[in-house]
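One letter stands for each residue in the lines below.
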Amino acid sequence: MREFYPALKKSEIDEIQPQIDAAYQRHIDSLRNRETISLDPYSMVPIEDYEKLKNEYRLHVDKWAESNIDIDPMIKAIYKVDAATEENLPWYTADLLIGFESWIEWIGRWTAEERSHGEIMVRDMEARGFLDMSKEWLPIREHNLAAGIHVKIESPADGLAYLPVQELLTREAHFYSSRLMDNSARKTLRDIGSDEGRHYQFYVSALGAFALVNPDAALTAMRCQHEADNFSMPGKQGIKRFSRLASTIAAGGVFDSITVLKAQKQTIDESGMLLTTPVTDEGKAALEWAQGISEKSDRIWEDNQLKLDEFRSKQAKKIEPGLLRPLILGHTVEIIDKQFVPK
């Protein structure tokens, strides 16, 4: 049993409110040129452009096919998982309402922004025509939304520990996925990824503020959410054959367990929780665990890298020195000017 209250105390809320106010204002200031609260799905993926986008995508897939690489299954897997992740996020709203004005405003705005991300990705799938939306997407959406949140968030502390990592990983997923896409889809995914990066900045600031007020709660929540295999992305429960899709994505070097560890390390470092002084035995043990992740001395780093190298070795048809990763469905590739190029 973790030794902290399931809800934040009023004194803790009073202490962290100025930092939350500042983080929220930074987010608003970063979006001064935006006419709407969220990215606009209707202008980013207009219906009148559907045929143009479909042709652009087919030409893109054909270009990869010239190198005997069928990139279509990779892109389908990425969009299914990423769109389901975006559509799942608003389920967190009720669990994160703490009770002061700027936080409530933030949660409402964050929910609106995440909702738009999901709609943009769904419109993009429909426009480019690489999924049968009725047979391949609708069942995922219905099952995913009906299942609801699968990540166990028992308190605001859990949410503050979970969400910075989740947002950072969503940013990375969109940015790396964009390198596989045609030009217009690349820009769309990067715009969404930039939003996720701003969300990460808000949540890591909130986590850092809370860690100063109650280091034991922040550290133990971080350990509870992220130790071993505790962490998982939203949407995992709602997607049938999720492990198969995840394996396809991991084989392509887009997103894997090392990506997760890097995001956990960055969150631990940038939140400042390692500079705090817990007083309970559980808090001290959690601090030691967090230090292991930050210093890459935790055995999980080495174990995960070995597993991934073995997995990718089995996928590769031909391995050249220095070109093991990333792979696209078993074929080696290299990155030139931040783009994946077939070898």
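What you see is a predicted model, and the numbers here were worked out from it, not measured in a lab. (Residues numbered from 1 in each chain as written. Predicted model: local features only at pLDDT ≥ 70, side-chain atom pairs only at ≥ 80, totals over all residues. Heavy atoms only, no water.)

1. A word on the packing of helix 6 (residues 101-128) against helix 9 (residues 183-213)
Here is step 1 of the chain: Direction vectors running N to C along helix 6 and helix 9 enclose 160°, while the axes themselves pass 11 Å from each other. It follows from the interaxial angle that helix 6 and helix 9 lie roughly antiparallel. As for the relative orientation of helix 6 and helix 9, their crossing is left-handed in sense. Residues Trp103, Trp106, Ile107, Trp110, Glu113, Glu114, His117, Ile120, Met121, Asp124 and Arg128 of helix 6 pack against Ser184, Ala185, Thr188, Leu189, Ile192, Asp195, Glu196, His199, Phe202, Tyr203 and Ala206 of helix 9.
Here is step 2 of the chain: Of the residues contributing to the contact of helix 6 with helix 9, the split by class is 12 nonpolar, 4 polar and 6 charged. (Axes fitted to C-alpha atoms, helices over the stretch in contact; angles between N-to-C directions. Helix = DSSP H or I, 4+ residues; strand = E, 2+ residues; numbered from the N terminus. Parallel < 35°, antiparallel > 145°, perpendicular 65-115°, else oblique. Left-handed = near helix turned anticlockwise from the far one by under 90°. Contact = heavy atoms within 4.5 Å. Nonpolar A, V, L, I, M, F, W, Y, C, P; charged D, E, K, R; others polar.)

2. Regarding the pattern of salt bridges
Here is step 1 of the chain: Evaluation of the coordinates by the stated rule reveals 16 salt bridges.
Here is step 2 of the chain: Between Asp29 and Arg32 there is a salt bridge; the shortest N-O distance is 2.8 Å.
Here is step 3 of the chain: We classify Asp29 as partly exposed; its relative accessible area is 39%.
Here is step 4 of the chain: Salt bridges sharing common partners tie together Glu56, Asp124, Arg128 and Asp182. (Salt bridge = Lys/Arg side-chain N within 4 Å of Asp/Glu carboxyl O. Buried < 20%, exposed > 50% of the residue type's maximum accessible area, 1.4 Å probe, protein only.)

3. Quick look at the side chain of Thr280
Here is step 1 of the chain: Structurally, Thr280 is set in the loop between helix 12 (257-271) and helix 13 (281-294).
Here is step 2 of the chain: Polar contacts involving the side chain of Thr280 include one to the side chain of Asp216, which spans 2.6 Å. (Polar contact = N/O pair within 3.5 Å; in protein donor to acceptor, adjacent residues only side chain to side chain.)

4. Observations regarding the packing of helix 6 against helix 7 (residues 133-147)
Here is step 1 of the chain: Interaxial distance between helix 6 and helix 7 falls to 11 Å at its minimum, and their mutual angle equals 165°. Taken together, helix 6 and helix 7 sit at an angle that is classed as roughly antiparallel. Here helix 6 and helix 7 pass one another in a crossing that is right-handed. Packed against helix 6, whose contacting residues are Val122, Met125 and Glu126, the element helix 7 presents Met133, Trp137 and Arg141 at the interface.

5. Here's the deal with unusual backbone geometry
Here is step 1 of the chain: Notably, Lys296 is not glycine yet its phi reads approximately 55°, a positive angle.
Here is step 2 of the chain: Checked against the element boundaries, Lys296 lands in the loop between helix 13 and helix 14 (299-315).
Here is step 3 of the chain: On the accessibility criterion, Lys296 (46% relative accessible area) is partly exposed.

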